[in-house]
Amino acid sequence: MEVKKAVFVESNSDWRKCPKHHLPEFAFIGRSNVGKSSLINKITNQKNLAKTSATPGKTLLINHFLVNDNWYLVDLPGYGFAKIGMEGRNKLEKMIKDYVLMREELFNLFVLIDCRHEPQKNDLEFIEFLGSNGVPFSIVFTKADKLSKSRLVANVQAYKSKLQEEWEELPPIFVTSSESGLGKEELLEYIDSIMNATPDDSVIE
Ligand code: GTP
Ligand code: MG
């Protein structure tokens, strides 16, 4: 799929106030600073569509971007951001979880994981939360340009092994870099395939 147009629509603190429409939404979630906003910019071929920062905690609202006039990318705040205090963290967590659980337009959630790190407790807990609530999600490793090829392969494999301790079947997994554009086409093709899947596609006969 080619992104021909992408525009910022609005920011909200509550899923109920988010744009009213019947188009599919694809949201990006993950720890603060993992690269959610950067990847949205890469996918949409724009430098500053989503605001990025080297300091964690840049995105603190639910941001809707309309792509090609027929689907939405949603940039969510990061979880686990320490500097806003317990009350702020709880508020953000509720904003994120309510959106994820209640938003009927959400077709798929991309959980972003920094490929440099070992599996982290709060990421694994969040994935567990998605699984137990039946939220469709995929895993997207970010910042692949920061590792050698062999290290990258080893880290992704270690992550898969960790997930397989809990999960019989792994979710779709993507490896990306917002620097090099690695994985961008695969993500767009995947989004396209979900949008074009008919309900019968999931029935195995
Ligand atoms: P919050 O909004 O704070 O939750 O963060 P975020 O997940 O949106 O991260 P953001 O896109 O703002 O990126 C955080 C930092 O990581 C920035 O300094 C980016 O330039 C850098 N970064 C993001 N993606 C990549 C990548 O693929 N490669 C490299 N080398 N740096 C990246
Ligand atoms: Mg952000």
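Residues numbered from 1 in each chain as written. Chains lettered and ligands numbered in written order. Predicted model: local features only at pLDDT ≥ 70, side-chain atom pairs only at ≥ 80, totals over all residues. Heavy atoms only, no water.

1. Considering the overall build of the protein chain
Summing up its helical and strand segments, the protein chain has five helices and seven strands in all. At 16 Å, the protein chain has a C-alpha radius of gyration in line with the 17 Å of a compact globule built from 205 residues. Here the protein chain holds 205 residues, and the buried ones make up 45% of them. The long-range fraction of contacts in the protein chain, counting pairs at least 24 apart against all pairs at least 6 apart in sequence, stands at 74%. (Helix = DSSP H or I, 4+ residues; strand = E, 2+ residues; numbered from the N terminus. Rg over C-alpha atoms; globule rule 2.2 N^0.38 Å. Buried < 20%, exposed > 50% of the residue type's maximum accessible area, 1.4 Å probe, protein only. Contact = heavy atoms within 4.5 Å.)

2. Points about the layout of surface pockets
The calculated volume of the largest pocket comes to roughly 410 Å³. Lining the largest pocket are 25 residues, and of these Asn33, Val34, Gly35, Ser38 and Lys143 lie nearest its centre. The dominant element in the lining of the largest pocket, judged by the number of residues it contributes, is helix α1 (residues 36-43), at three residues. A per-class count over the lining of the largest pocket returns four nonpolar, 14 polar and seven charged. Lining of the second largest pocket is provided by 16 residues; of these, Tyr79, Gly80, Glu93, Lys97 and Asn122 occupy positions nearest its centre. Secondary structure elements with two or more residues in the lining of the second largest pocket: α2 (85-102) and α3 (121-132). Top contributing element to the lining of the second largest pocket by residue count: α2, with seven residues. Residues of the lining of the second largest pocket, tallied by class, amount to eight nonpolar, four polar and four charged. (1 Å grid on protein atoms, 1.4 Å probe; cavity = no way out; pocket = protein on both sides within 12 Å on 5 of 7 lines; lining within 4 Å. Points joined across faces, edges and corners; volume = space filled by probe spheres on them. Nonpolar A, V, L, I, M, F, W, Y, C, P; charged D, E, K, R; others polar.)

3. A few points about α1
The buried count for α1 comes to six of eight residues, which makes it a mostly enclosed element. Turning to α1, its buried residues are Lys36, Ser37, Leu39, Ile40, Asn41 and Ile43. Tucked into the core, α1 has its buried residues touching β2 (25-30), β3 (62-67), β4 (71-75), β5 (106-114), β6 (137-142) and α5 (184-196). Trailing α1 by a residue or two, Asn45 shows a phi angle of about 60 degrees, which is positive.

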